[in-house]
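# Structural description and commentary
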Amino acid sequence: MIKEITIQTKKRNELVDITSHVKEFAKSIEEGTITIYCPHTTAGITINENADPTVKEDILRKLSELIPKNDNYKHMEGNSDSHIKATLTGSSATIIVQDGKPLLGTWQGILFCEYDGPRTRKIIIQTRKWKSHTS
Amino acid sequence: MIKEITIQTKKRNELVDITSHVKEFAKSIEEGTITIYCPHTTAGITINENADPTVKEDILRKLSELIPKNDNYKHMEGNSDSHIKATLTGSSATIIVQDGKPLLGTWQGILFCEYDGPRTRKIIIQTRKWKSHTS
Amino acid sequence: MIKEITIQTKKRNELVDITSHVKEFAKSIEEGTITIYCPHTTAGITINENADPTVKEDILRKLSELIPKNDNYKHMEGNSDSHIKATLTGSSATIIVQDGKPLLGTWQGILFCEYDGPRTRKIIIQTRKWKSHTS
């Protein structure tokens, strides 16, 4: 099953928690896999801590220090930094599902990584069941 | 189904578009997943913009600035930078397929990342159908 | 099939070879896919050279140079660097299996990336068979 979700980002660089969407999709799956895919070239998907918001701030600040917005880039749209961050982050995450729940660690959340916002973005989620709940 | 494709890279650092191969494999799939896997330790797979070639140049230049070729590495083969870039890029991409087409975003292309070329390289592509086209 | 393996890391930053575990799981699969998933937010999974140990040392040293342990981070647990490295590395690897063997390149090993050890860690491995060995 393939579904699309839309999210509205609010800043140029922002990590948006999308875990609740994935948990919803996992409910009907006894055993399976979920792919979360980002169809944008200036954004990505990562899995990281979602409890303390300072972790997200540190990730975004350090990435922007390593890959500054302005740095004699050839691409004329002013978002080469966003493209580079997208490649370093990756465009998808794969999640294992068991008994209707994604097997995330205690502190893990699934984060949409906006690197050239604010924008309206979409995420594609594919669920694959090896076994279905019949209850 | 598993297939191998061979590509010849021309430079030490180069992003080679392999999207057309993946589109070809997707044609027979109504709904499924494609894994594109790089079996090399000094290369990787990424998904990024394929329209304006300056994006690729900016990605490669910035990566080489962050991870220079020569930097007191212990590994004696002169390609530690390539190995490090491979880990940051990742060795595979997962693509969702629907109605015979990979669900790539408008600007997305699938790129083989050569970090220690020129070389003859191979890529392994696995297609998994949940539904097949019967037409 | 989903299995968990436990590993004990020994250093703060360490790349631990877990290839033999994945090879064991692959044996019963004629054609399939294996997902290796890290449920921790200060660790990751990568695929890189496992022959010459200096490659691992160079990867870890360079990552720590780019993302130092102390760098005015806001997160108070002293491991923001570990979280940032986790996002750059990625939390899972996808491996293609054919004839009971993971299709790894000659020099490729599957490495658990510890960035905030030493700790007792777990890895979740999911095998999915498209065809099973019947011998």
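Remember, it's a predicted structure, so these values are computed and weren't measured experimentally.

The rules behind the values
- Residues numbered from 1 in each chain as written.
- Chains lettered and ligands numbered in written order.
- Predicted model: local features only at pLDDT ≥ 70, side-chain atom pairs only at ≥ 80, totals over all residues.
- Heavy atoms only, no water.
- Least-squares fit on C-alpha atoms with pLDDT ≥ 70 in both.
- Contact = heavy atoms within 4.5 Å.
- Buried area = accessible area lost by both parts, 1.4 Å probe.
- Salt bridge = Lys/Arg side-chain N within 4 Å of Asp/Glu carboxyl O.
- Polar contact = N/O pair within 3.5 Å; in protein donor to acceptor, adjacent residues only side chain to side chain.
- Helix = DSSP H or I, 4+ residues; strand = E, 2+ residues; numbered from the N terminus.
- Nonpolar A, V, L, I, M, F, W, Y, C, P; charged D, E, K, R; others polar.
- Core = buried A, V, L, I, M, F, W, Y, C linked by side-chain atoms within 4.5 Å.
- Buried < 20%, exposed > 50% of the residue type's maximum accessible area, 1.4 Å probe, protein only.
- Pairing = 2+ DSSP bridges.
- Axes fitted to C-alpha atoms, helices over the stretch in contact; angles between N-to-C directions.
- pLDDT = per-residue confidence, 0-100.

Turning our attention to the relation of the copies chain C and chain B. Laying chain C over chain B is done by rotating through 120° and shifting 0.0 Å along the axis; what remains is an RMSD of 0.0 Å. Here the copies are linked by what is in effect a three-fold axis. Among all residues of chain C, the minimum C-alpha distance to the rotation axis is found for Leu88 of chain C, at 3.3 Å. Residue by residue, only 16% of the interface of chain C is reproduced at the interface of chain B, so the copies engage with different surfaces.

Turning our attention to the interface of chain C and chain A. Each partner contributes to the interface: chain C provides 29 residues, whereas chain A provides 32 residues. Buried surface at the junction of chain C and chain A, summed over both partners, amounts to about 2,500 Å²; 55% is from carbon and sulfur atoms. There are three salt bridges connecting chain C and chain A. A salt bridge links Asp71 of chain C to Lys62 of chain A, with the nearest nitrogen and oxygen atoms 2.5 Å apart. Taken together, the links from chain C to chain A amount to 20 residue pairs in polar contact (both at pLDDT 80 or more). The set of elements that each furnish at least two residues to the side of chain C that touches chain A consists of β3 (29–37), α3 (80–89), β5 (92–98) and β8 (120–132) of chain C. A breakdown of the residues in the side of chain C that touches chain A according to their chemical character gives 14 nonpolar, 12 polar and three charged.

On to the environment of Ile29 of chain B. On the secondary structure map, Ile29 of chain B appears in strand β3 (residues 29–37). Along the primary structure Ile29 of chain B and Trp130 of chain B are separated by 101 residues, whereas in three dimensions their C-alpha atoms are 8.0 Å apart.

Core analysis: the largest hydrophobic core is formed by 39 residues, its most contacted members being Ile67 and Leu88 of chain A, Ile67 and Leu88 of chain B together with Ile67 and Leu88 of chain C. Residues within four places of Leu88 of chain C in sequence aside, it is in contact with Leu63 and Leu88 of chain A, Thr87 and Leu88 of chain B together with Ile67 of chain C. Within the second largest apolar cluster, 27 residues are counted, among which are Ile29, Ile36, Cys38 and Ile47 of chain C.

The pairing of strands in a sheet comes from backbone hydrogen bonds and takes either a parallel or an antiparallel form. Residue and element names in this part refer to chain A. Spatially, the three strands line up as an open sheet ordered β2-β7-β4, and their pairing is antiparallel. Every other strand in the sheet has two partners, leaving β2 (14–17) and β4 (43–49) as the edge strands with one partner each. Mean inter-strand twist for the sheet, computed between neighbouring axes without regard to direction, equals 35°. Taken together, the seven bridges between β4 and strand β7 (residues 108–114) define a ladder with antiparallel strand orientation. Counted as the bridge partner of Ile47 is Ile110 from β7.

Taken as a whole and judged by the stated rule, the model has 33 salt bridges over all chains. Linking Glu24 of chain A and Lys27 of chain A is a salt bridge whose minimum nitrogen-to-oxygen distance equals 3.3 Å. Among the salt bridges present, the one from Glu57 of chain B reaches Lys74 of chain A, with a minimum N-O distance of 2.7 Å. Here Glu57 of chain B is found in helix α2 (residues 53–66), whereas its partner Lys74 of chain A is found in the loop between α2 (53–66) and α3 (80–89) on a different chain. Of the residues examined, Glu57 of chain B reaches a relative accessible area of 36% and is grouped as partly exposed. A single salt-bridge network, built from bridges that share partners, covers Arg12, Asp81, Asp116 and Arg119 of chain A.

Glancing now at the sheet that holds strand β4 (residues 43–49) of chain B. Residue and element names in this part refer to chain B. With antiparallel pairing, three strands are arranged side by side in an open sheet as β2-β7-β4. The outermost strands of the open sheet, each flanked by one partner alone, are β2 (14–17) and β4. Across the sheet, the axes of successive neighbouring strands diverge by a mean angle of 35°, strand direction being ignored. For β2 and strand β7 (residues 108–114), the ladder comprises four bridges, and the chain directions are antiparallel. Note on β7: the bridge partner recorded for Glu14 is Glu114.

Looking now at the confidence of the model for chain A. Close inspection of predicted coordinates is inappropriate in any region flagged by low pLDDT. Mean pLDDT over chain A stands at 95; residues scoring 70 or higher make up 97%. Listed scores for the predicted complex are pTM 0.97 and ipTM 0.96.

In this assembly, 32 residues from chain C lie in contact with 29 residues from chain B. Carbon and sulfur atoms make up 55% of the area that chain C and chain B hide from each other, which totals about 2,500 Å². In terms of surface lost to chain B, no three residues of chain C exceed Asp58, Lys62 and Ile96 of chain C, which account for 21% of the buried area on that side. Across the chain C-chain B interface, the total number found is 20 residue pairs in polar contact (both at pLDDT 80 or more). The set of elements that each furnish at least two residues to the side of chain C that touches chain B consists of β3, β4 (43–49), α2 (53–66), α3, β5 and β8 of chain C. No other element matches α2 of chain C, which puts 10 residues into the side of chain C that touches chain B. Taken together, the residues that form the side of chain C that touches chain B break down as 13 nonpolar, 10 polar and nine charged.

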